[in-house]
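Structure assessment
Letter by letter, the chains look like this.
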Amino acid sequence: MSFQMTESLETIYQEIIRKNPGETEFHQAVREVLESLGPVLVKYPEFLQNKIIRRICEPERQIIFRVPWVDDRGEVHINRGFRVEFNSALGPYKGGLRFHPSVYLGIIKFLGFEQIFKNALTGLPIGGGKGGSDFDPKGKSDAEVMRFCQSFMTELYRHIGEHTDVPAGDIGVGGREIGYLFGQYKRITNRYEMGVLTGKGMAYGGSLVRTEATGYGAVFFVDEMLKVNKQSFEGKTCTVSGSGNVAIYTIEKIHQLGGKVVAISDSDGVIVHEKGIHLQTVQQLKEIERRRIKDYADIHKDAKYIPKGNIWEIPCQVAMPSATQNEINGKDAEKLVKNGCIAVGEGANMPTTPEGVRVFQTAKIAYGPGKATNAGGVATSALEMQQNASRDSWTFEYTEKRLAKIMSNIHQVCYETAEEFGAPGDYVVGANIAGFVKVAKAMLAMGLI
Ligand code: NDP
Ligand code: 2IT
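Residues numbered from 1 in each chain as written. Chains lettered and ligands numbered in written order. Predicted model: local features only at pLDDT ≥ 70, side-chain atom pairs only at ≥ 80, totals over all residues. Heavy atoms only, no water.

**Notes on the overall build of the protein chain**
Along the protein chain, the regular secondary structure elements total 18 helices and 12 strands. A compact globule built from 449 residues would reach a C-alpha radius of gyration of about 22 Å, and the protein chain, at 21 Å, matches this within 12%. The principal-axis extent of the C-alpha atoms belonging to the protein chain is close to 60 × 55 × 45 Å. With 449 residues in all, the protein chain has 59% of them scored as buried. Residue pairs in contact within the protein chain that sit at least 24 positions apart in sequence constitute 71% of those at least 6 positions apart. Computed over 53 positive and 52 negative side-chain charges, the inter-centroid distance for the protein chain is 2 Å. (Helix = DSSP H or I, 4+ residues; strand = E, 2+ residues; numbered from the N terminus. Rg over C-alpha atoms; globule rule 2.2 N^0.38 Å. Buried < 20%, exposed > 50% of the residue type's maximum accessible area, 1.4 Å probe, protein only. Contact = heavy atoms within 4.5 Å. Lys, Arg positive; Asp, Glu negative; His and termini not counted. Charge placed at Lys NZ, Arg CZ, Asp CG, Glu CD.)

**What about the site of ligand 1?**
The immediate surroundings of ligand 1 are formed by 24 residues, with Asp170, Thr214, Ser267, Arg292 and Asn349 found nearest. In the model, an oxygen atom of ligand 1 is placed 2.7 Å from a nitrogen or oxygen of the aspartate 170 side chain. Within the backbone of asparagine 245, an N or O atom sits 2.9 Å from an oxygen atom of ligand 1. Coverage of ligand 1 by the protein amounts to 84% of the 880 Å² it exposes when considered alone. Counting only elements with at least two residues in the shell around ligand 1, the list comes to α9 (210-228) and α10 (245-256). For the shell around ligand 1, the class distribution of residues is four nonpolar, 13 polar and seven charged. (Near = heavy atom within 4 Å. Polar contact = N/O pair within 3.5 Å; in protein donor to acceptor, adjacent residues only side chain to side chain. Areas by Shrake-Rupley, 256 points an atom, 1.4 Å probe, with all protein chains shown as cover. Nonpolar A, V, L, I, M, F, W, Y, C, P; charged D, E, K, R; others polar.)

**Things to note about the nonpolar core**
In this structure, Phe233, Ile271, Met320 and Ile410 are the most contacted members of the largest nonpolar core, which totals 54 residues. The leading source of residues in this core is α9, at nine residues. Filtering out sequence-adjacent residues up to four positions away, isoleucine 271 remains in contact with Val262, Ala263, Ile264, Ile277, Ile293, Lys294, Tyr296, Ala297, Ala303, Lys304 and Tyr305. By size, the runner-up hydrophobic cluster in this structure holds 46 residues, among which are Val33, Val84, Phe86 and Ile108. (Core = buried A, V, L, I, M, F, W, Y, C linked by side-chain atoms within 4.5 Å.)

**Some thoughts on unusual backbone geometry**
Here the phi dihedral of asparagine 326 falls at roughly 55 degrees; this positive angle occurs in a residue that is not glycine. Counting through the fold element by element, asparagine 326 comes out in the loop between β10 (318-320) and α13 (330-338). Under the relative-accessibility criterion, asparagine 326 is labelled partly exposed at 29%. Phi angles above zero are rare outside glycine, and lysine 364 is one such case at about 60 degrees. Topologically, lysine 364 is positioned in the loop between α14 (354-362) and β12 (366-368). With a relative accessible area of 74%, lysine 364 lands in the exposed category.

**Regarding the packing of helix α6 (residues 105-121) against helix α18 (residues 427-445)**
Where α6 meets α18, the axes come as close as 8 Å, and the angle between the chain directions of the two elements is 85 degrees. The pairing of α6 with α18 is recorded here as roughly perpendicular in orientation. For the pair α6 and α18, contact is made by Ile116, Phe117, Ala120 and Leu121 and by Ala431, Ala434, Gly435, Phe436, Lys438 and Val439, respectively. Per-class residue counts for the contact of α6 with α18 are eight nonpolar, one polar and one charged. (Axes fitted to C-alpha atoms, helices over the stretch in contact; angles between N-to-C directions. Parallel < 35°, antiparallel > 145°, perpendicular 65-115°, else oblique.)

**A short note on α9**
A rise of 1.5 Å per residue sets the reference length of α9, with its 19 residues, at 27 Å; its end C-alpha atoms lie 27 Å apart and thus fit the reference within 8%. Along α9, the sharpest change in direction is near 30 degrees and occurs at tyrosine 216. For α9, the tally of buried residues reaches 16 of 19 residues, placing the bulk of the element in the interior. Lysine 230 lies just past α9 and shows a positive phi near 55 degrees. (Expected span 1.5 Å × (residues − 1). Bend = angle between axes of the 7 residues up to and from the residue.)

**Notes on the sheet that holds strand β1 (residues 61-70)**
Strands sit in the order β1-β2-β4-β3-β5 across an open sheet of five strands; the sheet is mixed. The open sheet is flanked by β1 and β5 (165-168), the only strands paired with a single partner. If you compare each strand with its neighbour and ignore which way they point, the axes differ by 20 degrees on average. The pairing of strand β2 (residues 76-87) with strand β4 (residues 128-133) spans six bridges and is classified as antiparallel. Within the sheet, the bridge partner assigned to phenylalanine 82 lies in β4 and is glycine 132. (Pairing = 2+ DSSP bridges.)

**Regarding the site of ligand 2**
Around ligand 2, a shell composed of 14 residues is seen, among which Lys94, Gln115, Lys118, Asp170 and Ser381 lie nearest. Here ligand 2, which alone exposes 300 Å², has 95% of that area covered by the protein. Elements with a minimum of two residues in the shell around ligand 2: β3 (93-99), α6 and α16 (375-389).

**A word on the sheet that holds β10**
Spatial strand order, β9-β8-β7-β6-β10-β11-β12: seven strands in an open sheet with mixed pairing. If you trace the sheet from one side to the other, it starts and ends with β9 (304-307) and β12, each paired once. Averaged over all adjacent pairs, the angle separating strand axes in this sheet is 15 degrees, with direction ignored. Of the pairings in the sheet, the one linking strand β11 (residues 343-345) to β12 comprises three bridges and is parallel in character. Counted as the bridge partner of alanine 343 is alanine 366 from β12.

**A few points about the side chain of glutamate 25**
Take glutamate 25: it is sitting in helix α2 (residues 24-34). Buried charge glutamate 25 goes without a salt bridge, the closest partner of opposite sign being arginine 98 at 8.4 Å. There is a polar contact of 2.4 Å between the side chain of glutamate 25 and the side chain of tyrosine 104. In this structure, glutamate 25 is in contact with Tyr104, Gly106, Ile107, Phe110 and Met350, ignoring residues within four places of it in sequence. (Salt bridge = Lys/Arg side-chain N within 4 Å of Asp/Glu carboxyl O.)

Right, here's the structure in full:
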């Protein structure tokens with residue numbers, strides 16, 4: 001359920017479309033939040049008087065820059081770099097970097113906008129930001145990726161810092177890229193400023209569990225939703241789209257909790273393995289050899305590869321979209337519901353279209369939106385910052401416990417907020433309102449910023 005937008009909210013939305021032409025993903029993310037805010041403005045009229053919504057929708061700062069680099073054959077390439085520093089009411093800007101050919105300002109702004117509320121939900125002191133580039137890491141050598149990262153950081157370094165803006169990974173940016181970026185930052189600034197990036201390797205200030213955190217956290221969140229209905233992962237058939245960082249650790253935790261993942265994907269196709277996806281194979285193919293999931297079927301003869309397949313047509317009880325935005329449309333959602341899906345947890349950011357969300361909510365299945373469900377990644381980034389600040393390093397067990405507690409708190413806050421505002425069971429409304437109110441109160445307290 002979303003509330004009818006009041007006239008003032010509709011006016012604000014139209015103004016945002018006019019001021020940000022062509023940025024369709026950003027419009028979509030803003031609309032979803034505004035549709036939740038009607039009752040908030042009744043409870044807090046001061047938010048409207050002080051134009052808090054208009055202020056939140058306008059990034060504090062947007063940086064767009066040239067990234068020149070040279071490939072292994074000596075050819076010069078020019079990519080575009082972005083960092084959108086959206087909101088620092090709760091802490092330094094915090095959010096990942098995405099390297100993918102589809103990246104443009106509208107994608108970075110939708111991600112940065114969602115990040116504000118997600119980070120607020122973690123309860124940790126982090127503001128919202130996002131960055132990236134239209135660089136395509138696929139098929140590039142390590143040396144090419146390194147030269148690109150060094151060039152990217154040669155501009156970015158002047159805008160970031162442990163108390164200013166703290167980037168991390170997202171699509172196309174993992175441990176390898178963070179290593180190159182950190183090395184170049186250290187070299188340019190002549191400072192060993194550990195807290196400037198998160199997702200670092202364990203050899204130089206990383207945190208245990210950060211690699212696993214988004215996937216594990218998403219499964220913890222879905223587990224909490226299932227518990228409300230006296231259910232668990234035990235014996236459940238699951239599908240997980242994508243086969244990158246988030247997907248891999250979603251699969252691992254589902255299996256640890258007794259569920260069975262029967263399908264995964266990449267942008268070329270789908271692997272179906274009724275016996276259960278063999279995680280070590282996926283890790284070997286993706287994390288170590290950087291190959292395509294098609295090769296999984298050569299290793300496991302009882303698995304099936306469906307080129308250009310649609311993973312949402314594979315029957316499951318729990319679906320965890322963990323690839324990219326708008327990967328589940330209305331028809332996919334209908335198919336999932338018809339096939340008996342009872343819970344959807346978004347490991348990816350905004351993977352379900354507004355039509356798809358309506359289908360899930362009308363069917364009254366448990367639906368966890370990305371800004372709540374996948375908050376475990378950034379929350380563990382904030383734990384990495386804490387460890388860096390205290391020159392400490394926590395054990396895996398302790399860090400995972402902290403993550404589990406954060407995810408159960410987020411679930412509880414979303415659940416209770418939805419009840420309070422008359423939309424029981426609606427985690428979209430719960431997450432949007434709880435995140436927004438926290439940021440809005442901080443902005444109000446700080447005056448006109
Ligand atoms: P990875 O780069 O590790 O993996 C991305 C996966 O998604 C790959 O399997 C990729 O397939 C697939 N994918 C990416 N873009 C597309 C596309 N346009 N169409 C189809 N498939 C696509 O990224 P992550 O696992 O880190 O990120 C996955 C999602 O989770 C993103 O939405 C990200 O924003 C979100 N997220 C990530 C967090 C993190 O900590 N990493 C935290 C919170 C959310 P292919 O190889 O074919 O491109
Ligand atoms: O979307 C996200 O929350 C991330 N990509 C993780 C951001 C972070 O700073 O760890």
